[in-house]
Amino acid sequence: MKKLTIIFIFLISNTFALNLSDKVTVSGISSGGFFAHQFHIANSSLVEGAAIFAAGPYYCAKGSVALATNTCMKGKGIWGSGYQSYVFASGLAMMGLIDPIANLKDDRVFIFSGQNDETVVSNVSEELRDLYAFFGVKNLEYEGTLAAGHTYPTENKGVECEVSKVPYIGNCNYNGALMSLTSLYPDKKQRRLTFKGKTEEVDQTKYYSAFDVGVFTPLLQEKAYLYIPSRCKGNRKCDLHIAFHGCKQTIDHIDMSYVEDTGIKEAADKLDLVVLFPQAKKSVIPGRNPHGCWDWWGHSGANYHLKDGQQMRIIKAMILDILQKS
């Protein structure tokens, strides 16, 4: 009986082992979209594709809140910023501050912009599209025909598609998660029959120290969430995807809605994707980061856009840890 019990325990623990490929993709909306793109550009040796909703080109804000809110969101003076970003990123790559830009040309990119989005207007996303074209990305899909507001588009969850309000998840009769992820993984056959996976907590505090916190609050929540489809438990080879929420979409703002209501988990079930949902944290310092945004304008430090930026470094450490444990 004792021997049988030991075998049974081994089988259970082995069921939850992960077998991940080394292919990593990212996605995000708004600040999460800017950050996903930023992470892709800086860590192109690790990341092979990006799905970006309502965001603009790399280092658009240049460390300035004024540029972030006017140029990079409202589109004032945005024309030509894609090429400026290309030149700037090329210089950073030559200095080794980000990965070589040549890595990007074979990647897959999906960009979404809602026609009714007045928070991050369409010509900003068009500059992002141009930037990836300058990088030589040929597998590039741009969706800008939907009358959506500043929202993550779903088939039937969230608020009215045309509006821009919390939780920034829109009922658009459009499966943004599945459309974007199938664009990143065109060779994966969608599974018709799926079973619910498991959402596990990840201790984010292991990846930052006292040197990585703000004056009063850490840059990240204590926990992130890792979704593991039922078919990814055990020996089946799966891929890892990182999904970044936008501003006012942390667990402090909308609880687990970004994890549960965007359709990302259901798309992951169909495509055999393990998904990490990192969690940023709002700052209690007035005006610094009250909405829990990912850093694409410099609230965490002047090197926020580089490989050694605080949030960039922490997220990469989390990814590598997950991959190494698989």
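Summarised in this report is the structure supplied together with it. Along each chain, residue indices are assigned from 1 in the same order as the chain's sequence is written. With the structure being a predicted model, the display of local features is reserved for residues of pLDDT at least 70 and the display and counting of side-chain atom pairs for 80 or more, all residues being used for whole-chain, interface and lining totals. The side-chain quantities take in all heavy atoms of the structure and omit both hydrogens and water.

## With respect to the sheet that holds strand β11 (residues 273–277)
Through backbone hydrogen bonds, the strands of a sheet pair up, either in parallel or in antiparallel fashion.
Alright, step 1. Strands are treated as partners if at least two bridges between them are detected by DSSP. Under the DSSP-based scheme used, a helix requires at least four consecutive residues in state H or I and a strand at least two consecutive residues in state E, with every element numbered from the N terminus. Here we have eight strands laid out as an open sheet, ordered β4-β3-β2-β1-β10-β11-β9-β8, and mixed in their pairing. In this open sheet, the two strands that pair with only one neighbour each are β4 (139–143) and β8 (198–203). Sheet twist, expressed as the mean angle between neighbouring strand axes with direction ignored, is 20°.
Alright, step 2. Bridge count for strand β1 (residues 19–29) against strand β2 (residues 47–53) is six bridges, and the pairing is parallel. Within the sheet, the bridge partner assigned to V26 lies in β2 and is A50.
Alright, step 3. The criterion used for residue contact is that any of the two residues' heavy atoms lie within 4.5 Å. Axis angles are defined between N-to-C directions and span 0 to 180 degrees, where every axis is a line fitted to C-alpha atoms and, for a helix, only to the segment in contact. Its contacts with the sheet place helix α5 (residues 122–134) against β2, β3 (108–112) and β4, and it is angled at close to 170° to β4.

## Section: the pattern of salt bridges
Alright, step 1. For salt bridges, the criterion is a side-chain nitrogen of Lys or Arg within 4 Å of an Asp or Glu carboxyl oxygen. A full pass over the atoms with the stated rule returns nine salt bridges.
Alright, step 2. The partner of R191 in a salt bridge is D272, with the nearest N and O atoms 2.9 Å apart. Highlighted residues: R191 in the loop between α6 (176–184) and β8 and D272 in the loop between α9 (264–271) and β11, separated in sequence by 81 residues.
Alright, step 3. Residue classification places R191 among the partly exposed positions, given a relative accessible area of 24%.
Alright, step 4. Residue D321 is joined to K325 by a salt bridge in which the shortest nitrogen-to-oxygen separation is 3.3 Å. Of this pair, D321 and K325 both sit in helix α10 (residues 310–325), four residues apart, which is roughly one turn of that helix.
Alright, step 5. For D321, a relative accessible area of 17% translates into the label buried. Burial here depends on accessible area, computed with a 1.4 Å probe over protein chains only, as a share of the maximum for the residue type. Under 20% is buried, over 50% is exposed, and the range in between is partly exposed.

## Details of the packing of α6 against α9
Alright, step 1. Where α6 meets α9, the axes come as close as 8 Å, and the angle between the chain directions of the two elements is 40°. Accordingly, the angle class assigned to the pair α6 and α9 is oblique. As α6 packs across α9, the resulting crossing turns out to be right-handed. For the pair α6 and α9, the contacting residues are A177, L178, L181 and T182 in the first and I264, A267, K270 and L271 in the second.
Alright, step 2. The residue inventory of the contact of α6 with α9, partitioned by class, reads six nonpolar, one polar and one charged. Under this scheme an angle from 65 to 115 degrees is roughly perpendicular, one under 35 degrees roughly parallel, and one over 145 degrees roughly antiparallel; angles in between are oblique. Rotating anticlockwise by less than a right angle from the far helix to the near helix defines a left-handed crossing, while the corresponding clockwise rotation defines a right-handed one. Gly is put with the polar residues, along with every residue not named as nonpolar or charged; the nonpolar set is Ala, Val, Leu, Ile, Met, Phe, Trp, Tyr, Cys and Pro, and the charged set is Asp, Glu, Lys and Arg.

## A closer look at the packing of helix α4 (residues 81–94) against α5
Packed helices, taken two at a time, are described by their axes: the angle between them and the distance between them.
Alright, step 1. One can describe the packing of α4 onto α5 by two numbers: an axis separation of 7 Å at closest approach and a directional angle of 40°. With respect to their mutual orientation, α4 and α5 come out oblique. The two elements α4 and α5 cross, and the hand of that crossing is right-handed. Of the residues in α5, those touching α4 at S81, G82, Y83, S85 and Y86 are E127, L131 and F134.

## A few points about the state of the cysteines
Alright, step 1. A pair of sulfur atoms, both from cysteines and within 2.5 Å, is called a disulfide here. Inspection of the entire model under this criterion finds four disulfides.
Alright, step 2. Covalent S-S linkage joins C60 and C72, the inter-sulfur distance amounting to 2.1 Å. Taking the torsion about the sulfur-sulfur bond, which here is approximately -105°, the covalent link between C60 and C72 counts as left-handed. Residue C60 is found in the loop between β2 and α3 (65–70), and its partner C72 is found in the loop between α3 and α4; the two are separated by twelve residues along the sequence.
Alright, step 3. Since its relative accessible area comes to 5%, C60 is described here as buried.
Alright, step 4. For C72, a relative accessible area of 0% translates into the label buried.
Alright, step 5. Paired through a disulfide, C247 and C293 show a sulfur-sulfur distance of 2.0 Å. Measuring the twist about the S-S bond at about 125°, one finds the C247-C293 disulfide to be right-handed. With C247 in the loop between β10 (237–244) and α7 (251–254) and C293 in the loop between β11 and α10, this residue pair connects regions lying 46 residues apart in the sequence.

## A short note on the packing of aromatic side chains
Alright, step 1. Each aromatic pair joins two rings of Phe, Tyr and Trp (for Trp, the six-membered one) with centres within 6.5 Å, and gets the label stacked for planes under 30 degrees apart, edge-to-face for over 60, and tilted for any other angle. Evaluated as defined, the whole model comprises 19 aromatic pairs.
Alright, step 2. With a centroid separation of 5.9 Å and 35° between ring planes, the pair formed by Y86 and F134 is classed as tilted. Residue Y86 is located in helix α4, and its partner F134 is located in helix α5; the two are separated by 48 residues in the primary sequence.
Alright, step 3. Looking at Y86, the relative accessible area reads 24%, which means it is partly exposed.
Alright, step 4. Judged by centre distance (5.9 Å) and plane angle (85°), the ring pair of W296 and W297 falls under edge-to-face. Grouping residues by exposure puts W296 and W297 together as buried.
Alright, step 5. Linked through ring pairs, F53, F110, F112, Y152, Y174 and Y258 together constitute an aromatic cluster.
Alright, step 6. Over a ring means this: the NZ of a Lys or the CZ of an Arg is within 6 Å of the ring centre and within 35 degrees of the ring normal. Sitting over the ring of Y142, R129 keeps its end group 4.7 Å from the ring centre.

## Re the side chain of S113
Alright, step 1. Here S113 shows up in the loop between β3 and α5.
Alright, step 2. Among the residues examined, S113 registers a relative accessible area of 1% and is labelled buried.
Alright, step 3. In this structure the side chain of S113 is engaged in a polar contact, spanning 3.0 Å, whose partner is the side chain of S122.
Alright, step 4. Excluding residues within four positions of it along the chain, S113 makes contact with V121, S122, S125, Y142, E143, G144 and L146. Pairs of N or O atoms are called polar contacts if they sit within 3.5 Å, as long as, within protein, a hydrogen donor faces a hydrogen acceptor (for residues adjacent in sequence, only side-chain-to-side-chain pairs).

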